[in-house]
Structure formats: structure tokens, C-alpha cells
Amino acid sequence: MVIFESRPDCLPQVAALSIATANGLLLKGGKEARHTNQCLFQIVCDAIKTEMEGNPIALLDDRESVDDALSLDGKIDLVIPRGSSELVSHITKTAEGRMPILGHTEGVCHVYVDQDADLQKAIDIVLDSKCDYPAACNAMEVLLLHSSLLQNGKFYSSLINALKKHQVVIHPGPKLYQMLPISSEPVTSLRREYSSLECCIEVVDSVDDAIDHINSNSSNHTDSIITENEAAKDQFLRDVDSACVFHNTSTRFSDGYRFGLGAEVGISTGRIHARGPVGIEGLLSTKWILYGDGHTVKQFTSGSQKYLHQPLSVSECNNDRSILN
């Protein structure tokens with residue numbers, strides 16, 4: 001079951017992935033796009049009729065139907081909420097202990113501009129990460145600047161002017177507030193998802209500080225480093241504990257379509273099963289099939305039979321039934 005808010009483009013993507021993985025699907029879209037969702041759902045249903053009997057997809061109409069579905073113990077294999085942290089929290093609380101949930105509660109994404117960054121490249125990436133689609137879960141919410149960059153008045157002023165030109169409201173972090181004369185009060189939380197043309201800017205003294213800050217304050221969604229320093233890049237990519245970690249590119253690339261998955265049902269920040277953009281593979285589980293001919297474990301523990309444990313191609317796994325012989 002996939003529950004999503006506002007964005008009706010989610011419906012055909014999720015429906016396509018469901019059909020491709022032979023999963024039945026319950027959908028619940030936001031009331032803001034009710035008529036669009038109904039039209040898209042009907043298009044999907046009409047397309048399914050040409051290929052199969054019956055309809056494995058259903059569209060729920062109201063919140064009460066969702067709550068009823070979430071109370072069906074053992075009937076739903078997976079719930080994927082896509083939307084605000086309030087929606088995800090409600091779904092998680094309602095379904096707790098009944099069925100697994102995959103997704104993320106927040107998209108607190110960071111861009112860290114290192115002391116060895118290409119500064120024009122940094123400005124371009126920061127603007128894209130924040131301004132391309134501010135409401136998206138992969139939009140930048142916190143910009144981390146190496147402290148040495150504040151001494152480069154030309155870069156800092158160019159960065160701030162570029163953000164303001166795009167009408168971005170800037171909230172200073174505690175360290176930035178202490179270092180520069182800023183009229184705005186410092187933020188009270190470094191873990192806020194603005195989902196609008198707003199962001200926090202904070203200062204760190206090293207790539208180690210940036211990594212510590214991100215691992216302490218991010219939502220483990222998507223974080224990016226801008227640097228030409230290979231050692232700093234490698235350390236950041238290795239040590240930042242997020243589903244997607246980037247080098248010299250916008251956080252907005254964290255997307256199933258852009259990753260080549262064709263589509264996604266959502267982005268998972270968990271550490272069990274799928275992580276990051278979830279496409280076809282994330283909706284499949286493993287089934288182990290063993291062909292034998294009277295084999296027993298005793299034959300192998302006694303040494304009369306031996307395990308081969310050799311790499312097999314997919315075609316061999318599908319066709320060779322004599323692996324144990």
C-alpha cells in the first residue's frame with residue numbers, strides 16, 4: 001500500500017512498478033489531487049485490461065479507508081508513506097506492529113562546500129540543490145561552509161547574492177551568527193526541513209566537522225560534498241551515513257528515474273532491505289529453490305558429498321538442476 005500527498009505523478013510510477021513486480025497495490029492520494037488521481041487510476045485500469053484478467057490495483061477514497069486497511073493484520077506486506085513527516089508519523093503509529101513500513105520521515109539534506117572547492121561550481125550546485133524544486137525531499141536544507149571560505153569575501157557575497165536573487169530566505173547557524181554581523185537570529189534547530197525557498201547556513205572547520213555535523217543532524221537522506229580534494233572526497237563518501245552521498249553534484253539527483261531505475265515508489269533511509277530510491281529490486285524478495293535427489297545433510301557432514309560453492313550465472317541458476325550432484 002502506497003499513501004502519497006499532493007503529487008499525482010506518483011500514481012503511474014508506483015502502479016507501473018507494482019505491475020512489473022507482480023504485486024497487488026492499494027493507493028491513497030492526497031485530496032488536493034483527487035480528480036487527477038481518479039483519471040490516472042482509470043487510465044492504468046484500462047491499460048491493465050488489455051493484458052490481464054482482473055485488476056490488482058485499487059484506489060482508496062478517504063482517510064478512514066486507509067486506517068481500516070492498516071488494521072488488517074497479515075493482509076498487507078508493505079506500507080510506503082510518501083509525504084510530510086506528520087503523514088509518515090501517523091501511518092507509522094497506526095500500523096505499528098502490524099506490517100512493515102518503508103520510507104523516510106524527513107529530507108534534511110546537506111551540501112558541504114570544502115575549502116578546496118571550485119567556487120563557481122559550488123554556487124551552481126547550491127542553487128540547483130535548493131531552488132530547482134524546494135518542496136522536494138531531496139532539496140538542500142542546510143548549507144555547510146568551510147570556515148576559510150568566509151575570508152573570501154567575493155565568494156561569500158556572490159553566494160549570498162545568488163541565493164537572495166532566487167528569493168531564498170537564509171537562516172544563520174549558531175557559528176555563522178557569531179562570526180558575521182547578521183541581523184537574523186540564529187536557528188534553534190539544525191535539523192529542520194523547510195520544504196520552501198529557505199535554508200540554514202552553518203560553518204565548519206574541516207571535512208571531519210562536516211561529517212560529524214551531518215551524521216548528527218541529517219535525516220540520512222542525501223548529502224553532497226563540493227571539493228576538488230580527492231582525500232576529502234573519499235573520506236566524505238565513506239563516512240557520511242546517508243542513503244545517498246554525492247560528490248560535486250546536486251542533491252536533486254537523488255531520484256529513482258535519474259538513477260536509471262525507471263521510476264521509484266519512494267526513498268528509504270532505513271538500513272534494512274532497500275535503501276535510497278526504491279525501484280523494482282526493492283519490491284522483490286528472495287525465494288530459494290533447492291533441487292536434490294535424496295540428498296541429506298549427513299552426507300555432507302560425513303564427507304561423502306562436498307559443497308561446490310561456485311559462482312553461477314543467472315542462466316545456470318535457472319537451468320542447472322545438478323548443482324548438488
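Anyway, here's the lowdown on the structure attached to this text. These figures come from a predicted structure and were not determined experimentally.

### Digging into the packing of helix 8 (residues 207–217) against helix 9 (residues 230–239)
Packing of helix 8 against helix 9 brings their axes to within 10 Å, and their N-to-C directions diverge by 20°. Relative to helix 9, helix 8 is oriented roughly parallel. With respect to the hand of their crossing, helix 8 and helix 9 are arranged in right-handed fashion. Judged by residue contacts, Val-207, Asp-208, Ile-211, Ile-214 and Asn-215 of helix 8 engage Ala-232, Gln-235, Phe-236 and Asp-239 from helix 9. Of the residues assigned to the contact of helix 8 with helix 9, the class counts are five nonpolar, two polar and two charged.

### What about the sheet that holds strand 7 (residues 169–172)?
What the six strands build is an open sheet, ordered 7-8-6-5-9-10; its pairing is parallel. Two strands close off the open sheet at either side, each with one partner strand: strand 7 and strand 10 (244–247). Here the average twist between neighbouring strands, direction ignored, is 20°. Alignment of strand 7 against strand 8 (residues 198–204), held across four bridges, turns out to be parallel. Residue Pro-172 lies in a different strand from strand 8, and its bridge partner there is Ile-201. Together, strand 5 (109–113), strand 6 (140–146), strand 8 and strand 9 (222–226) form the strand contacts of helix 8, whose direction differs from that of strand 5 by roughly 175°. The strands touched by helix 9 within the sheet are strand 5, strand 9 and strand 10, with strand 10 carrying the most contacts at an inclination of about 170°.

### Considerations on the nonpolar core
Membership of the largest hydrophobic core comes to 27 residues, with the highest contact counts inside it found for Val-113, Leu-143, Leu-145 and Ile-201. Broken down by secondary-structure element, the contributors of at least two residues to this core are strand 5, helix 5 (119–131), strand 6, helix 6 (153–165) and strand 8. Here Leu-143 is in contact with Val-111, Val-113, Val-126, Leu-159, Cys-200, Ile-201 and Glu-202, once residues within four sequence places are set aside. Within the second largest apolar cluster, 22 residues are counted, among which are Phe-4, Ala-15, Ile-80 and Leu-283.

### Structural notes on the packing of helix 3 (residues 63–70) against helix 4 (residues 85–95)
Where helix 3 meets helix 4, the closest approach of the two axes is 9 Å, and the angle between their N-to-C directions is 40°. As judged from the angle between their axes, helix 3 and helix 4 are oblique. Pair helix 3 / helix 4 crosses with right-handed handedness. Of the residues in helix 4, those touching helix 3 at Arg-63, Val-66, Asp-67 and Leu-70 are His-90, Ile-91, Thr-94 and Ala-95. Its residues assigned to classes, the contact of helix 3 with helix 4 shows four nonpolar, two polar and two charged.

### With respect to the packing of aromatic side chains
Under the criterion given, the structure shown has three aromatic pairs. With a centroid separation of 6.4 Å and an interplanar angle of 20°, the aromatic rings of Tyr-112 and Phe-236 are classed as stacked. Note that Tyr-112 is positioned in strand 5 and Phe-236 in helix 9, a separation of 124 residues in sequence. You'll find Tyr-112 and Phe-236 in the same group, each marked buried. Ring geometry for Phe-300 and Tyr-307: centres 4.3 Å apart, planes at 20°, overall stacked. Note on Phe-300: relative accessible area 13%, which makes it buried. On the basis of relative accessible area, Tyr-307 is assigned to the partly exposed category, the value being 48%.

Conventions and cut-offs
- Residues numbered from 1 in each chain as written.
- Predicted model: local features only at pLDDT ≥ 70, side-chain atom pairs only at ≥ 80, totals over all residues.
- Heavy atoms only, no water.
- Axes fitted to C-alpha atoms, helices over the stretch in contact; angles between N-to-C directions.
- Helix = DSSP H or I, 4+ residues; strand = E, 2+ residues; numbered from the N terminus.
- Parallel < 35°, antiparallel > 145°, perpendicular 65-115°, else oblique.
- Left-handed = near helix turned anticlockwise from the far one by under 90°.
- Contact = heavy atoms within 4.5 Å.
- Nonpolar A, V, L, I, M, F, W, Y, C, P; charged D, E, K, R; others polar.
- Pairing = 2+ DSSP bridges.
- Core = buried A, V, L, I, M, F, W, Y, C linked by side-chain atoms within 4.5 Å.
- Buried < 20%, exposed > 50% of the residue type's maximum accessible area, 1.4 Å probe, protein only.
- Phe/Tyr/Trp six-rings, centres within 6.5 Å; stacked < 30°, edge-to-face > 60°.

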